[in-house]
Amino acid sequence: MTVSTTDDSDFPESPAPFAAPGLPYPRILVKVSGEALMGSEPFGLHPPTVARIARDLVAARALGCEVAVVVGGGNILRGARVAGEDLDRATADHMGMLATVMNGLALEAAIEAAGAPARTLSAIPMPTVCEPYARQPARRHLRRGRIVVLTGGTGNPYFTTDTGAVLRAAELDCDAVLKATNVDGVYTADPKKDPTATRYDRITHDEALARDLKVMDAAAFALAREAALPIIVFDIREPGAIATAAKGEGRVTVVAP
């Protein structure tokens, strides 16, 4: 059975966007790593953690935000790590993209179980599983209040899901990228390894690139700079952190022009 790309029965047609007025970031894209979905597990998915993240996304939608999500696949397979003599990088990266689709389907189910409509779209077409990604259908879903789960990376090897997240945010006219990490912002060094590391409250894209900060790869920072997209870095382990960051509050680092 082919997944329909035109089933709009759960939301009526409306020329007005779903986003509520007065929000600092009416349309957000949340980047969730595959590792964030592992919770306490050494591999794969931790259902209670997936459910908690889904509830946090639903809470951001309840504020009136239009919410897109790019999900990674590192909890299942990371292409750059498995590439080697017998497995070329392009093939390994495509395997990693398939892992993101599995994560996206799990997150979509958890979002709908939490009470919000969701759609998984894949940059690698697999219409019997989910919708293929296209910009206009994705924007339509957002305007109708659906949480859009974007999978398959960019559909091309050699690009990280961080770069894919900024690309999709630019394509979909998002107001900010919310980068979920396991620390509460961007630091001068890894705070787990360097006790003298200090946290930035705000930093520019140029400074992040010049200081080679590792919270996102250089291509993602450069694209965000070109698109004038702020990146808000926050700790995904805190319940409610997504909605808090979407309100422009909480302990975060803002990377902005």
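Just above, that's the structure.
Draft legend 1. Structural context of the overall build of the protein chain. Each helix and strand in the protein chain was counted, giving 8 helices and 11 strands. The C-alpha radius of gyration computed for the protein chain amounts to 17 Å, which stays within 12% of the reference 18 Å derived for 257 residues, consistent with globular compactness. Expressed as lengths along the three principal axes of its C-alpha atoms, the size of the protein chain is roughly 55 × 50 × 35 Å. The proportion of buried residues among the 257 residues of the protein chain is 52%. Contacts in the protein chain between residues far apart in sequence, at least 24 positions, make up 74% of those at least 6 positions apart. Here the protein chain has roughly 11,500 Å² of accessible surface; of this, 55% comes from carbon and sulfur atoms. Computing the positive centroid from 27 side-chain charges and the negative centroid from 31, the protein chain places the two 3 Å apart.

Draft legend 2. Representation of the pattern of salt bridges. On inspection of all chains with the given rule, the structure shows 16 salt bridges. Its salt-bridge partner being Asp 173, residue Arg 135 comes within 3.4 Å of it at the nearest N-O pair. On the criterion of sequence distance, the pair formed by Arg 135 in helix 4 (residues 135-143) and Asp 173 in the loop between helix 5 (161-171) and strand 6 (176-181) is long-range, its members being 38 residues apart. Taken together, the shared-partner salt bridges connect Lys 31, Asp 162 and Lys 179 into one network.

Draft legend 3. Summary view of the environment of Leu 209. Relative to the assigned elements, Leu 209 resides in helix 6 (residues 205-210). When the C-alpha positions of Leu 209 and Ala 222 are compared, they lie 7.6 Å apart, and in sequence the two are 13 residues distant. Not counting the four nearest positions on each side in its chain, Leu 209 is found in contact with Ala 218, Phe 221, Ala 222 and Arg 225.

Draft legend 4. Just the nonpolar core, in detail. Formed by 38 residues in total, the largest nonpolar core has its most connected members in Leu 57, Val 67, Leu 107, Ile 111, Ile 147, Leu 178 and Phe 234. Listed by contribution, the elements that provide at least two residues to this core are strand 1 (27-32), helix 1 (47-62), strand 2 (66-71), helix 3 (89-113), strand 5 (147-151), strand 6, strand 10 (231-235) and helix 8 (241-246). Ranked by residues supplied to this core, first place goes to helix 1 with 6 residues. Beyond its immediate chain neighbours, meaning those up to four positions away, Ile 147 contacts Leu 57, Val 58, Arg 61, Val 67, Val 69, Ile 111, Ala 116, Pro 117, Ala 118 and Arg 119. Membership of the second largest hydrophobic core comes to 29 residues, among which are Tyr 133, Val 148, Ala 169 and Leu 213.

Draft legend 5. Molecular detail of the packing of aromatic side chains. A complete count under the given rule lists 0 aromatic pairs for this structure. Between the NZ or CZ atom of Arg 168 and the centre of the ring of Tyr 133, over which it lies, the distance is 3.9 Å.

Draft legend 6. Spotlight on the sheet that holds strand 10. Ordered in space as 4-3-5-2-1-6-10-11-9, the 9 strands form an open sheet in which the pairing is mixed. On the outer flanks of this sheet lie strand 4 (131-132) and strand 9 (202-203), each paired with one strand and no other. Where strand 1 meets strand 6, 4 bridges bridge the pair, whose relative direction is parallel. For Leu 29, the partnering residue across the bridge sits in strand 6 and is Val 177. Helix 5 contacts strand 1, strand 2, strand 5 and strand 6 of the sheet and is inclined by roughly 170° relative to strand 1.

Draft legend 7. Broad picture of the packing of helix 5 against helix 7 (residues 218-227). With their axes 8 Å apart at the nearest point, helix 5 and helix 7 run at an angle of 15° to one another. Our classification of the angle between helix 5 and helix 7 gives roughly parallel. As helix 5 packs across helix 7, the resulting crossing turns out to be left-handed. Contact residues: Asp 162, Thr 163, Val 166, Leu 167 and Ala 170 in helix 5; Ala 219, Ala 220, Leu 223, Ala 224 and Ala 227 in helix 7. Looking at the contact of helix 5 with helix 7 residue by residue, the classes come out as 8 nonpolar, 1 polar and 1 charged.

Draft legend 8. A look at empty space enclosed by the protein. Under the definition given, this model contains 1 cavity of 30 Å³ or more. The space that makes up the largest cavity amounts to roughly 60 Å³. Every residue lining the largest cavity is listed: Val 70, Leu 121, Ala 123, Tyr 133, Leu 150, Thr 151, Gly 152, Gly 153 and Arg 168. Broken down by class, the residue content of the lining of the largest cavity amounts to 5 nonpolar, 3 polar and 1 charged.

Draft legend 9. Up close: the packing of helix 1 against helix 3. Interhelical geometry of helix 1 versus helix 3 gives an angle of 60° and a closest axis separation of 8 Å. By the angle class used here, helix 1 and helix 3 are oblique. Considering how the two elements wind past one another, helix 1 and helix 3 form a crossing that is right-handed. For the pair helix 1 and helix 3, contact is made by Val 50, Ala 51, Ile 53, Ala 54, Leu 57 and Val 58 and by Ala 106, Leu 107, Ala 110 and Ile 111, respectively. Broken down by class, the residue content of the contact of helix 1 with helix 3 amounts to 10 nonpolar, no polar and no charged.

What counts, and where the lines are drawn
Residues numbered from 1 in each chain as written. Predicted model: local features only at pLDDT ≥ 70, side-chain atom pairs only at ≥ 80, totals over all residues. Heavy atoms only, no water. Helix = DSSP H or I, 4+ residues; strand = E, 2+ residues; numbered from the N terminus. Rg over C-alpha atoms; globule rule 2.2 N^0.38 Å. Buried < 20%, exposed > 50% of the residue type's maximum accessible area, 1.4 Å probe, protein only. Contact = heavy atoms within 4.5 Å. Areas by Shrake-Rupley, 256 points an atom, 1.4 Å probe, with all protein chains shown as cover. Lys, Arg positive; Asp, Glu negative; His and termini not counted. Charge placed at Lys NZ, Arg CZ, Asp CG, Glu CD. Salt bridge = Lys/Arg side-chain N within 4 Å of Asp/Glu carboxyl O. Core = buried A, V, L, I, M, F, W, Y, C linked by side-chain atoms within 4.5 Å. Phe/Tyr/Trp six-rings, centres within 6.5 Å; stacked < 30°, edge-to-face > 60°. Lys NZ or Arg CZ within 6 Å of the ring centre and 35° of its normal. Pairing = 2+ DSSP bridges. Axes fitted to C-alpha atoms, helices over the stretch in contact; angles between N-to-C directions. Parallel < 35°, antiparallel > 145°, perpendicular 65-115°, else oblique. Left-handed = near helix turned anticlockwise from the far one by under 90°. Nonpolar A, V, L, I, M, F, W, Y, C, P; charged D, E, K, R; others polar. 1 Å grid on protein atoms, 1.4 Å probe; cavity = no way out; pocket = protein on both sides within 12 Å on 5 of 7 lines; lining within 4 Å. Points joined across faces, edges and corners; volume = space filled by probe spheres on them.

Read these as spatial facts, not as claims about activity.
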